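Working through the structure, step by step
This is what each chain is made of:
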Amino acid sequence: MSEAPNPALLPAGLMDLLPPEAEREAMLVEALMESFARHGYERVTPPLLEFEEGLLAGSGAAVAEQTFRLMDPVSQRMMGLRADMTPQVARIAATRMAGQGRPLRLCYAGQVLRVRGSELAPARQLRQAGIELIGGAAPEADAEVAVVAVEAVSRLGIEGISLDVGLPRMAQALIEAAGIAEPLAGRLARALDRKDAAAVTALVEGRGPIAALLPEFLAAAGPAREAVAVLDPARLPESARPIAENALSVVRAIAARAPGLHITLDPVEFRGFQYHVGVAFTLFGPGMTGELARGGRCLAAHDEPATGMTLYADAVLRAVPSGARRNRCFLPLGTATEAGERLREAGFATVAALSATDTAAALRCTHEWDGEAAIPLKTTETV
């Protein structure tokens, strides 16, 4: 006789979020959205499902392999369950808000589901929150998005934030300008992706001054003040000069708006930025919290210039300093309604007894009403 399935068993990469973490995450996301709204970013809420051809158009093609698909029983058309909200925001801007003035500032928050996670991030259901600035092509637009994201995270109490600026198109521009063709071009790109300096140096040996820039740029990754020195446009082939000039302008604009921010620059970083056409951003938190956000310059629908940043709520939550959760006050049977109202006004969550057997400890309360005041329970620790 086979055993009955365990109802608590969930598919790989999916999990329940329980108290108090679920409340903390929800409050965190709303705090991020409030920070975005302070800078004029207006909230949009796209649907979980869309028709496949719309969801995977444009930049959505980059997440096609991560998208769950199913047949719509109503229309008999294939639908996709979003793996990223950014393409949906681009669709809204190009259709429902096509007549709105530019640049258009939008923000969003919601759940996404992916076919598979990674070894370092096995979760397949993620909560995203982010901003998109659509219709602004100036370096100041990229700088605004980066600084607004940094400010939103900083207002949560996270310190030690670092912003890494990458140039996803630089490596390919240099490889092509140096006349390096396949299969060597592919081997070189993989070596750059792995940050294998020895392999990059060996692969470009004897292939001219342009190819020799690749190991130099790879070694230059680090604090922006030092790294920008290698991006002298005069040293670069014509195809790479605009990339460097734009990057220098963006870094200067960010530094001017956030002079205390730690900025790093990696001239040949391109991993995970398949559809980015300008600078790319990665926001890192302190210690082992990892990537808090990713984003950068891309083209929205109809090749409209856009730049944005997506924050990952689970990573941000790990980086937020542990604070006191909402206090819960147990109200014994017979407690006056007015007492509960006063406690809620004071910031307590009230938990009313429904029977004589209910206890404050069993209901995970931090306080108990004694008829006159909320008395802390010594055996309960606030998190």
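My aim in this report is to walk through the structure given alongside it, one point at a time.

Rules and cut-offs
- Residues numbered from 1 in each chain as written.
- Predicted model: local features only at pLDDT ≥ 70, side-chain atom pairs only at ≥ 80, totals over all residues.
- Heavy atoms only, no water.
- Buried < 20%, exposed > 50% of the residue type's maximum accessible area, 1.4 Å probe, protein only.
- Helix = DSSP H or I, 4+ residues; strand = E, 2+ residues; numbered from the N terminus.
- Patch = residues over 30% accessible without salt bridge, like charges linked within 9 Å, V, L, I, M, F, W, Y side chains within 5 Å.
- Areas by Shrake-Rupley, 256 points an atom, 1.4 Å probe, with all protein chains shown as cover.
- Salt bridge = Lys/Arg side-chain N within 4 Å of Asp/Glu carboxyl O.
- Pairing = 2+ DSSP bridges.
- 1 Å grid on protein atoms, 1.4 Å probe; cavity = no way out; pocket = protein on both sides within 12 Å on 5 of 7 lines; lining within 4 Å.
- Points joined across faces, edges and corners; volume = space filled by probe spheres on them.
- Nonpolar A, V, L, I, M, F, W, Y, C, P; charged D, E, K, R; others polar.

Residues of helix H6 (residues 184-193) that are buried include every one of Leu 184, Ala 185, Gly 186, Leu 188, Ala 191 and Leu 192, and no others. Just past H6, the residue Lys 195 takes up positive phi, approximately 60°.

This part takes up a nonpolar patch on the surface. Taken together, the side chains of Leu 48, Leu 49 and Leu 70 define a hydrophobic patch exposed on the protein surface, amounting to about 240 Å² of accessible area. With respect to the helices, strands and loops of the structure, Leu 70 is situated in strand S3 (residues 68-71).

Let us now look at the pairing of strand S9 (residues 262-266). Across a regular strand the side chains alternate sides, sitting on one face of the sheet and then on the other. Judged by how many residues are buried, S9 sits mostly within the fold: four of five residues are covered. With five bridges joining them, strand S7 (residues 162-166) and S9 adopt parallel strand pairing. Of the residues in S9, the one forming a bridge with Ser 162 is His 262.

On to empty space enclosed by the protein, then. Taken as a whole, this structure holds two cavities of 30 Å³ or more when the rule is applied. In this model, the largest cavity occupies a volume close to 50 Å³. Every residue along the wall of the largest cavity is listed here: Ser 59, Thr 86, Val 89, Ala 90, Glu 132, Ile 134, Cys 298, Leu 299, Ala 300 and Ala 306. Listed by contribution, the elements that provide at least two residues to the lining of the largest cavity are helix H3 (86-94), strand S6 (125-134) and strand S11 (291-299). No other element matches the three residues that H3 contributes to the lining of the largest cavity. What the second largest cavity holds in volume is close to 30 Å³. Looking at the second largest cavity, the residues that line it are Leu 55, Leu 56, Val 63, Thr 67, Arg 82, Ala 83, Asp 84 and Pro 87. Its residues assigned to classes, the lining of the second largest cavity shows five nonpolar, one polar and two charged.

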